[in-house]
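# Inside the fold
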Amino acid sequence: MPVAAGPAYNRSVQFARLVFAVAGKDLRVELRSREIVYTMGLFAAVIVVVFSFAFVRNQAALIEAVPGVAWAAVVFAGTIGLGRAFDREREGDTMRALLLAPAPRLAVFAGKAIAVALLVFAVEAVALPLCLLFFNVDLGAAVGHLALVLVLGGIGFAVVGTVFAAMLLRTQARDVLLPVVLYPILVPMIMAGTKATAALLSGNTGDAWFWTKFLGAYDVAFILVATWSFEALVIE
Amino acid sequence: MAGISSIVVERIGKRFGDHRALAGVDLHLRAGSVCALLGPNGAGKTTLLGILSTLTRPTAGTVRYLDGDTARAVDDRLRADIGLLAHASLCYGELTGLENLTFFATLYGVADGAARADALLDEVGLEPAARGRPVRTYSRGMVQRLALARALLARPSLLLLDEPFTGLDRGGALALGRRLGQAKAEGAIVVCVTHDLEAIAGVTDHVVVLRRGKVACDQRDPAGYSYAGLRDHYHRHADA
C-alpha cells in the first residue's frame, strides 16, 4: 500500500527546489559570461606556476611548498570569485529581489553557497593537477583523500564566504573589507587543509585523517552559524 | 482581493548613521487605493518604500500589515503579497526576460510560471522578439516593463512602485497608469513614488507628501486627484 508523502516531506522537497533554483540561476549566469571561472582559474594557475619557480632546491621544485601553494591558490582565487559573484547581485539590486521573495532565506543562502562551492571546486580542479605537475608530486592512492580534503575546504570557504559577501553587499569598500573580515575566520580551515595536504604528501595517514575530521567539524560549525545568522546579517 | 487589507504605519523613524531619513512618519494605507508618495529628493520616499517592503528595518516605530482586524506576521507568506518595482530592475542582466520571470515565479511558488510570465510580458508590452534576449541588451524602457512584470508576478495585494514611469514611452506610461487603476479596482494597495504627476493623475485617491523625513501632507479624495490637484499639493507642501 503506497504511503502518502507527509507535510514535512513536501516542505523538504519545496525547500530543495528553491535551493536548486537559486544555485541553477547562478550557474546559468556564470555559464553565459564565464568571467568568474576564467578569472579564478587563471589566477590560481599563475600562483602555482610562479611559486613552482620560486621554491626550488637542487634544481627541483620543493615538494614541501605544495600544501601552502595549493591552498593559497584556492583561497585567493576563491575570494576573487566570491566578490564577483555577489557584485552581480548588486548590479540589478537582485539580492533585494531574492530577499523579498517568499522563499526561506536559508534556501537563498544554501543556493548561493552551493554555486560558490562549485566554482571553488572548479578552481581546485585546476590548481591541484598543476601543483602535482609543476612540483613533480606522485600522490598515488592518496588522491581520493586529497580530493575529500579539498571538497571539505571548498564547502567551508563557500559557507563562510557567502555569509560575509552577502553581509558586505551594500558596503562601499566591500572589495577591501571582504578579505579583512573573511581571512581571520578562514584561518583554521586553511591551516587544517594545509596540514592535511602536507600529511598526505608525507604519507602520514593518521595526521591526515585528524585534519580531515577537523575540516568536517569546521564545516558543520559554520553551516550552523550561517544558518542562524544569515537573515539578520543581510537585512538593511 | 485577499491578503493585506490595510497598513498602519506608526511613528516610523530611520537613521543611516548620523543621517535621519525618516522622523516619526504616521500613515494609514487602505485596500483599493492608489497612494501617490511625493516629495523632493532626499525626503525619505524610497526609505519608506523599503520599510513597507520589509527589506529595511526601521530604527523606530512599527508597521502593521492587517488582514481585516488581524495583524499579519512579517514572514514568507506576507512577502508573497508584496510586489516591488524599485530604482534598479531587480532582474539579472545575463538572463533573458522570460528566464528572469520564470526564476522568480519558482521563488514565489507561482503555478505554471512560464505561462504566467508570458502572459505578463504580453500585458506590459514587451515584444516577443525581446523575451529571449539577455536583459543587458534591453533599453531602459524595456527593462522597466520587465521590472513591472516581475512586481506583478504573484498578484500582490501590496504594490510598491519607485519611479515606475522612468524610461517608459508615452504608450508605456499610459498602459502603466491603466494597470494601476486595474490593481486599485481589484482591491490592491498601491503606493507610487513619482515625480511624473501627470501620469498618475486620475488613478490617485490618496496623496502623501514627505519633506525632510516627515509627513507634510496626507489627504484623500475618493473622486481622485487631477494633475492640477496633485501639482498644487506638491508645490504647497514639498516646496514650503
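Scope of this entry: the structure provided in the associated data block. Every value quoted in this text rests on a predicted model; they were computed, and no experiment measured them. (Residues numbered from 1 in each chain as written. Chains lettered and ligands numbered in written order. Predicted model: local features only at pLDDT ≥ 70, side-chain atom pairs only at ≥ 80, totals over all residues. Heavy atoms only, no water.)

With that settled, the discussion passes to the overall build of chain A. Helices and strands together make up the secondary structure of chain A, namely eight helices and two strands. When its helices and strands are written in sequence order, chain A yields α-α-β-β-α-α-α-α-α-α. Scored against the burial criterion, the 236 residues of chain A give a buried share of 48%. For chain A, the share of sequence-separated contacts (at least 6 apart) that also reach a separation of at least 24 residues comes to 82%. Per element, the accessible surface of chain A, about 11000 Å² overall, is 69% carbon and sulfur. Distance from the positive charge centre (17 side chains) to the negative charge centre (15 side chains) of chain A: 6 Å. (Helix = DSSP H or I, 4+ residues; strand = E, 2+ residues; numbered from the N terminus. Buried < 20%, exposed > 50% of the residue type's maximum accessible area, 1.4 Å probe, protein only. Contact = heavy atoms within 4.5 Å. Areas by Shrake-Rupley, 256 points an atom, 1.4 Å probe, with all protein chains shown as cover. Lys, Arg positive; Asp, Glu negative; His and termini not counted. Charge placed at Lys NZ, Arg CZ, Asp CG, Glu CD.)

Residues and elements named next belong to chain B. The four strands are arranged β2-β1-β4-β5 in an open sheet whose pairing can be described as antiparallel. Sheet topology places β2 (19-30) and β5 (70-72) at the edges, where each strand pairs with a single neighbour. On average, adjacent strands in this sheet sit at an angle of 30° to one another, irrespective of strand direction. Relative to strand β4 (residues 60-67), strand β1 (residues 6-16) is paired through six bridges, and the arrangement is antiparallel. By the bridge assignment for β4, Ile7 is matched with Tyr65. (Pairing = 2+ DSSP bridges. Axes fitted to C-alpha atoms, helices over the stretch in contact; angles between N-to-C directions.)

Time to look at a nonpolar patch on the surface. Residue and element names in this part refer to chain A. Among the surface-exposed residues, Leu42, Val46, Val50, Phe51 and Phe55 lie close enough to one another that they form a single nonpolar patch of about 440 Å² accessible area. Here Val46 is to be found in helix α2 (residues 35-54). Of the residues examined, Val46 reaches a relative accessible area of 45% and is grouped as partly exposed. (Patch = residues over 30% accessible without salt bridge, like charges linked within 9 Å, V, L, I, M, F, W, Y side chains within 5 Å. Salt bridge = Lys/Arg side-chain N within 4 Å of Asp/Glu carboxyl O.)

What is shown is where atoms sit, not what they do.
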